[in-house]
Amino acid sequence: MTETTSSVADTTSTRPQPRRGVMDIAAYVPGKSKGSHGVTRHKLSSNETPLGASPKAKAAFAELAEHLELYPDGSSLALRQAIADVHGLNADRILCGAGSDEVLSLIAYAYLGEGDEAIYTEHGFLVYDIAIKAAGATPVIAPEKNLTTDVDAILERVTPKTRMVFLANPNNPTGTYLPFDEVRRLHAGLPSNVLLVLDAAYAEYVRRNDYESGMELAATADNVIMSRTFSKIYGLANLRLGWAFGPAHVMDALNRIRGPFNVNGPALAAGIAAVKDKAFVEAAVAHNETWLPWVSTELEALGLTVTPSVGNFVLMHFPDVAGKRAEDADAFLLERGVVLRRVSNYGLPNALRMSIGSEEANREVVALLAEFLKK
């Protein structure tokens, strides 16, 4: 061993070490934001809304710029009340956080520990895996059926060690959803001490008669909590704002471990204005209702397989042919300043996820993919 190697080893053994398991966590990697040459014509990699934020939310945010020296309301009371008024909920059973990512992590930290297990599905949101491992617990992955949650597969993996089940409904990155009778069947099959976490980040976009976000179940069951976000349809991703609704005893536990001022004042103000702006939300839904089926149909006409989606994005699958695979399409698009999302880390190496963008962006992506596939 050289002197340099020995010195490094000695330093490693004496400096502070992360808790066991922390270095086994794969850091979350967001979608690319720039094209190959630093130029971005259309960024469709992060499921951001093409409509931006409500003008009312922007005005509320700007007003708070005059008071940046003041602490925000640590209880997020006004935002919780606004959410409660819009959705018909009890504000005391709502918790706000710095994005739904923080909310999901708080839930894991409050209810999971070493020796515990938590279940999520095969192509579920990667933050679940991070939150479970960060809490010291063990993730258990349930296979999906046709890229859709399989209730029986989840229930088959419940053991005495199971403490939590994460269910993204609709799911990202697949865009598929579970009808609510299936969600209720899943809940009925879980032991009463297992917490069912319903992640409804894309709920506002869903227009299916057999879908529910989980509010009613979270209102009536002692072991169900629903999380939501302001990052998608409300266009406040840059402010990091999310919330959860669940039993009073769960809210009590989460409030004991969240930061005292975990949501900043401009985010609170913008969130209040955004959630009240019904016309803006309806416009966002209408845009998605027009362009989601259009994009899906056009991509299928090119010969790509498209997973049916109820969110604001589509998952497209490429032929397993040299030069025509997802990685090749991604490189082709990036060269032209168009950014989609690779989903290899979700176990889908030959697929790309595309956010529904503006009319111009949607049409350009389809045209470029047509060009790529004809090469």
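A few points on the structure. (Residues numbered from 1 in each chain as written. Predicted model: local features only at pLDDT ≥ 70, side-chain atom pairs only at ≥ 80, totals over all residues. Heavy atoms only, no water.)

## Regarding empty space enclosed by the protein
In this approach a probe as big as a water molecule rolls over the atoms, and the regions it shows empty are the leftover space.
Here's step 1: Using the criterion set out here, one finds three cavities of 30 Å³ or more in the structure.
Here's step 2: Within this model, the largest cavity holds a volume of roughly 60 Å³.
Here's step 3: Taken together, Thr49, Pro50, Leu51, Tyr205, Ala284, His287, Asn288, Asn312 and Ile356 make up the lining of the largest cavity.
Here's step 4: A per-class count over the lining of the largest cavity returns five nonpolar, four polar and no charged. (1 Å grid on protein atoms, 1.4 Å probe; cavity = no way out; pocket = protein on both sides within 12 Å on 5 of 7 lines; lining within 4 Å. Points joined across faces, edges and corners; volume = space filled by probe spheres on them. Nonpolar A, V, L, I, M, F, W, Y, C, P; charged D, E, K, R; others polar.)

## As for the sheet that holds strand β10 (residues 313–317)
Here's step 1: With respect to topology, four strands assemble into an open sheet ordered β9-β10-β13-β12, the strand pairing being antiparallel. Each of the sheet's edge strands pairs with one partner strand only, and the pair in question is β9 (305–307) and β12 (341–342).
Here's step 2: Together, β9, β10 and β13 (351–355) form the strand contacts of helix α11 (residues 278–301), whose direction differs from that of β10 by roughly 10 degrees. (Pairing = 2+ DSSP bridges. Helix = DSSP H or I, 4+ residues; strand = E, 2+ residues; numbered from the N terminus. Contact = heavy atoms within 4.5 Å. Axes fitted to C-alpha atoms, helices over the stretch in contact; angles between N-to-C directions.)

## Focus on the sheet that holds strand β8 (residues 242–245)
Strands pair in a sheet through their backbones, by hydrogen bonds, and they do so in one of two ways: parallel or antiparallel.
Here's step 1: Strand order in the open sheet made by the seven strands is β2-β8-β7-β6-β5-β3-β4, with mixed pairing throughout. Edge strands, defined here as strands with exactly one partner in the open sheet, are β2 (94–97) and β4 (138–142). Averaged over all neighbouring strand pairs, the angle between strand axes comes to 20 degrees, with direction disregarded.
Here's step 2: Contacting β2, β7 (224–229) and β8, helix α3 (residues 77–87) runs over the sheet at an angle of about 125 degrees to β2.
Here's step 3: Contacts from helix α9 (residues 248–257) reach β2, β6 (195–199), β7 and β8, with the element oriented near 30 degrees to β2.

## Here's the deal with helix α10 (residues 265–276)
Here's step 1: Spanning 12 residues, α10 covers 17 Å between terminal C-alpha atoms, matching the ideal 16 Å at 1.5 Å per step.
Here's step 2: The buried count for α10 comes to 11 of 12 residues, which makes it a mostly enclosed element.
Here's step 3: What α10 keeps buried is the set Gly265, Pro266, Ala267, Leu268, Ala269, Ala270, Gly271, Ile272, Ala273, Ala274 and Val275.
Here's step 4: Where α10 is buried, its residues meet α2 (55–64) and α3. (Expected span 1.5 Å × (residues − 1). Buried < 20%, exposed > 50% of the residue type's maximum accessible area, 1.4 Å probe, protein only.)

## Focus on the packing of aromatic side chains
The geometry of an aromatic ring pair is captured by the separation of the ring centres together with the interplanar angle, meaning the angle of the planes.
Here's step 1: The tally for this structure, following the rule as stated, stands at 10 aromatic pairs.
Here's step 2: When the centroid spacing of 4.8 Å and the interplanar angle of 15 degrees are considered together, the rings of Tyr128 and Phe166 count as stacked. Within this pair, whereas Tyr128 is found in helix α5 (residues 126–134), its partner Phe166 is found in strand β5 (residues 162–168), the two being separated by 38 residues in sequence.
Here's step 3: Classification of Phe166 as buried rests on a relative accessible area of 1%.
Here's step 4: Relative to Phe313, the ring of Tyr202 has its centre 5.1 Å away and its plane inclined at 70 degrees; by these criteria the two rings are edge-to-face. Here Tyr202, found in the loop between β6 and α8 (215–220), pairs with Phe313, found in strand β10; they are 111 residues apart in sequence, far enough to count as distant. This pair shows no difference in class: Tyr202 is buried, exactly as Phe313 is.
Here's step 5: Members of the aromatic cluster, joined through ring pairs, are Tyr120, Phe125, Tyr128 and Phe166.
Here's step 6: Over the aromatic face of Phe313 sits the side chain of Arg353, whose NZ or CZ is 5.8 Å from the ring centroid. (Phe/Tyr/Trp six-rings, centres within 6.5 Å; stacked < 30°, edge-to-face > 60°. Lys NZ or Arg CZ within 6 Å of the ring centre and 35° of its normal.)

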